[in-house]
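If you want the building blocks of each chain, they are given just below.
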Amino acid sequence: MATNTSKKKQSTEPAKPPVAKLRLGLLNASIWERTTEKGTFYSVTFERRYRDSNGEWQSTHGYDANDLLALSKLADQAHSRILELRPTKAAA
């Protein structure tokens, strides 16, 4: 019988929303905060919105060549926002 060796902790807590959301055209960035005993860490997820053949909004995590410049600008904005979210050493 296989055992679960995953380090993911089962939790009954509701999922936390992102601490910030950024948008550039149809591209979105969500900034997530994770606090551990080693400190607070941030990660970013990106998505592109589009309408399918039925006119319904969908999301993808794949990007065309035409998306890359806007995606890099959005990543830069996300990086700047994370620097703002981090506590300063003077406040610690």
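That block above? That's the structure.
Cut-offs applied
- Residues numbered from 1 in each chain as written.
- Predicted model: local features only at pLDDT ≥ 70, side-chain atom pairs only at ≥ 80, totals over all residues.
- Heavy atoms only, no water.
- Helix = DSSP H or I, 4+ residues; strand = E, 2+ residues; numbered from the N terminus.
- Buried < 20%, exposed > 50% of the residue type's maximum accessible area, 1.4 Å probe, protein only.
- Contact = heavy atoms within 4.5 Å.
- Areas by Shrake-Rupley, 256 points an atom, 1.4 Å probe, with all protein chains shown as cover.
- Salt bridge = Lys/Arg side-chain N within 4 Å of Asp/Glu carboxyl O.
- Pairing = 2+ DSSP bridges.
- Axes fitted to C-alpha atoms, helices over the stretch in contact; angles between N-to-C directions.

## Some points on the overall build of the chain
Counting secondary structure elements, the chain contains one helix and four strands. Shown N-terminal to C-terminal, the secondary structure of the chain runs as helices and strands in the order β-β-β-β-α. Looking at the chain as a whole, 15% of its 92 residues are labelled buried. When contacts within the chain are restricted to residue pairs at least 6 apart in sequence, those whose partners lie at least 24 apart make up 31%. Accessible area of the chain: about 7900 Å², with a carbon and sulfur share of 51%.

## So, the pattern of salt bridges
Scanning the model with the defined rule gives two salt bridges in all. Arg48 is paired through a salt bridge with Asp67; the nearest N and O atoms lie 3.0 Å apart. Of the two residues, Arg48 is situated in strand β3 (residues 39-51) and Asp67 in the loop between β4 (57-60) and α1 (68-85); the sequence distance between them amounts to 19 residues. For Glu84, the salt bridge goes to Arg81, with nearest N and O atoms at 3.1 Å. Of this pair, Glu84 and Arg81 both sit in helix α1, three residues apart, roughly one helical turn. When its relative accessible area of 56% is taken as the criterion, Glu84 is described as exposed. Of the residues examined, Arg81 reaches a relative accessible area of 28% and is grouped as partly exposed.

## A look at the pairing of β3
As paired strands, strand β2 (residues 27-36) and β3 are joined by 10 bridges and run antiparallel to one another. Within the sheet, the bridge partner assigned to Ala29 lies in β3 and is Phe46. Turn length for the β2-β3 hairpin, with the two strands adjacent in sequence and antiparallel, is two residues. Of the strand pairs in this sheet, β3 and β4 are connected by four bridges, and their pairing is antiparallel. If you follow Arg49 over to β4, its bridge partner there is Ser59. The antiparallel hairpin formed by β3 and β4 contains five residues in its connecting segment, where Gly55 sits at a positive phi of about 85°.

## Digging into the sheet that holds β3
In space, the four strands of this open sheet follow the order β1-β2-β3-β4, with antiparallel pairing throughout. With partners counted over all chains shown, the strands left at the sheet margins are β1 (20-24) and β4, one partner each. In this sheet, neighbouring strand axes are inclined to one another by 30° on average, regardless of whether the strands run parallel or antiparallel.

## Things to note about the side chain of Asn28
Here Asn28 shows up in strand β2. With relative accessibility at 18%, the residue Asn28 sits in the buried group. Look past the residues within four positions of Asn28 in its chain and what remains in contact with it is Leu22, Arg23, Thr45, Phe46, Glu47, Arg49 and Leu74.

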